[in-house]
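Notes for the structure review
Given next are the chains, with one letter for each unit.
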Amino acid sequence: MRTVDAAGLTIGDDRPPRIMGVLNVSEESPYDPSVFDDPGEAAAYVDSELIGMGADIVDVGLESANKRFDVLSAEQELDRLETAIEAMESTTGDAVWSIETRYHEVAAAALDRGFDMVNDICGFADPEMPDVCSARDAAVVKMASPPDLERPGAIADVDDIYEALSRNGFTERTILDPAFGGWTEDKTLADDRETFQRLREFRGYGRPILVSINRKNFLREIVGRETEEALPVSLAATSMAVERGAHVIRTHDVAETRDAAAIGAEFARERVRETVSGAELEELDVTTVSEASRHLDRLGADASIATESVVRAVEVSGLASDQLRAVESATETTNAALAVAGASRCETAATDGSGGKRGTDFDRTDARGLLVGTPAALSCVSDRLADGADATGRAGEKSSTLADIASVLERIADPDR
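Described below are features of the structure shown in this document. (Residues numbered from 1 in each chain as written. Predicted model: local features only at pLDDT ≥ 70, side-chain atom pairs only at ≥ 80, totals over all residues. Heavy atoms only, no water.)

Details of the overall build of the protein
- When helices and strands are tallied, the protein shows 14 helices and 15 strands.
- The burial tally for the protein puts 51% of its 417 residues in the buried class.
- Within the protein, residue pairs in contact and separated by at least 24 positions form 66% of the contacts whose partners lie at least 6 positions apart. (Helix = DSSP H or I, 4+ residues; strand = E, 2+ residues; numbered from the N terminus. Buried < 20%, exposed > 50% of the residue type's maximum accessible area, 1.4 Å probe, protein only. Contact = heavy atoms within 4.5 Å.)

Structure (structure tokens):
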């Protein structure tokens, strides 16, 4: 995973989750507490409620992303930029300052006047944006979006979001944002929930991830809360996002979000990253076939081996001994294995006297076990059990049960899970 330096603030794995607090100088923005048109009041808010509460980054929005409003031109954004610059110059706290824009002209003006990074909500739809940021050695957040300066974030399907993030390439200091929220009518709350569920896949590009989920509709709908009551669900999702690999959390609720992010970081699965004799080894954050496929694609490797790189474990109970024996038999010559309760390794490995494997003495067990294997192996086990059931015409209870088990295993082996 690449680490990004944003004006001295390092963002990436093995770093604390970074908190991006929001300041809006757009009168249309829906969250009133963060909206200011007076530079002095804005500066006081930043010092007390953002930097003072632990924000590492201050992200300044010049216009609302609400689809009900017309898109501002670059010239209109530049007019509002003066308020943002005056607010930045009036603050006393120390933070990285980010300008949210879609135009390279605005990004260049902001960076030249003291801003540190860019939050591009149109994902390099302006083809000059990467060059502007690279020339100034500035970090840039690239949000998934169609190549259209008037339609930020209007992508519903997770695969399309992933593809959009690579459009027009990356800079050396690019941070990726999969774009949560109702940017268009076409994007549903279910789309956002699937994107969140598959958040680890976006680590496949090997770059830090930013998420903006604060009080979003796709979370509020789950518990039936209005915006003002939605802080608890935002905090729960924040911990989950960090545990799933997010590096930056964009929020209006800085103090609470920082605490939630710290919990997510504390309980995230520890992964090995070592340099040994000049060789670098990094354990990837991979739990599904899709996540493995993303990393293989990044390396230009054969993505078909993804189904052989993720292991799933299934506890099997309630079977008769002969049924459990049939499951074990179906694992032969695959990389799946069945560990049976009460059976020792030496017992399982014993031979039948002719050199062949005798198998487990299922009569000495309580007919329970743990079936472990990759999706590809479990799919093979499923096929064999189904074939065995079909061979007996599914006439008896045994064959019917094996056919049902085969069906369940096929769902577990589904690589899209």
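Once you've had a look at it, read on.
Regarding helix H6 (residues 189-197)
- If you check which residues of H6 are buried, you get Asp191, Asp192, Thr195 and Phe196. End-on, the buried residues of H6 take up no more than an arc of 135°, which puts them together on one face.
- The elements touched by buried residues of H6 are helix H5 (158-166), helix H7 (217-223) and helix H8 (231-243). (Arc of directions from axis to C-beta.)

Here's the deal with helix H10 (residues 289-298)
- Most of H10 sits inside the fold, with eight of its 10 residues counted as buried.
- All of the buried residues in H10 are Val289, Ser290, Glu291, Ala292, Ser293, Arg294, His295 and Leu296.
- Positioned one or two residues after H10, Gly300 has a phi angle of 70°, which is positive.

A look at the pairing of strand S13 (residues 312-316)
- Side-chain alternation along S13 places Arg312, Val314 and Val316 on a buried face and Ala313 and Glu315 on a face that remains uncovered.
- Relative to strand S15 (residues 369-373), S13 runs antiparallel, the two being bridged by five bridges. Opposite Val316, over in S15, you have Gly369 as the bridge partner. (Pairing = 2+ DSSP bridges.)

Digging into the sheet that holds strand S8 (residues 174-177)
- With respect to topology, eight strands assemble into an open sheet ordered S8-S7-S6-S5-S4-S3-S10-S9, the strand pairing being parallel. Edge positions in the sheet fall to S8 and strand S9 (210-212), since each of these pairs with one other strand and no more. The mean inter-strand angle of the sheet, taken between neighbouring strand axes irrespective of direction, is 25°.
- Examined bridge by bridge, S9 and strand S10 (residues 248-251) share three bridges and lie parallel to one another. Across the sheet, Ser212 pairs through a bridge with Arg250, a residue of S10. (Axes fitted to C-alpha atoms, helices over the stretch in contact; angles between N-to-C directions.)

Details of the packing of aromatic side chains
- All chains considered together, the criterion is met by eight aromatic pairs.
- Measuring from ring centre to ring centre gives 4.9 Å for Phe36 and Tyr45, while their planes differ by 45°; the resulting arrangement is tilted.
- Phe36 sits in the buried class, given a relative accessible area of 15%.
- Take Tyr45: its relative accessible area is 10%, and that puts it in the buried class.
- Both rings, one in Phe196 and one in Phe218, keep their centres 6.2 Å apart while their planes meet at 50°; by these two values the pair is tilted. You can see Phe196 sitting in helix H6 and its partner Phe218 sitting in helix H7, a full 22 residues away along the chain. (Phe/Tyr/Trp six-rings, centres within 6.5 Å; stacked < 30°, edge-to-face > 60°.)

Re the nonpolar core
- The biggest cluster of nonpolar side chains holds 67 residues, and the ones touching the most others in it are Leu23, Val58, Val60, Phe115, Val211 and Ile213.
- Here the element with the most residues in this core is helix H2 (residues 74-90); it accounts for six residues.
- If near-sequence neighbours (up to four positions away) are discounted, Val60 is found in contact with Leu23, Val25, Ala84, Trp97, Ser98, Ile99, Glu100 and Phe115. (Core = buried A, V, L, I, M, F, W, Y, C linked by side-chain atoms within 4.5 Å.)

Structural notes on the pattern of salt bridges
- According to the stated counting rule, one finds 27 salt bridges in the structure shown.
- Notably, a salt bridge pairs Asp59 with Arg250, separated by 2.8 Å at the nearest N-O pair. Of this pair, Asp59 sits in strand S4 (residues 57-61) while Arg250 sits in strand S10, placing them 191 residues apart in sequence.
- Under the relative-accessibility criterion, Arg250 is labelled buried at 13%. (Salt bridge = Lys/Arg side-chain N within 4 Å of Asp/Glu carboxyl O.)

On their own, these measurements won't tell you what the molecule is for.
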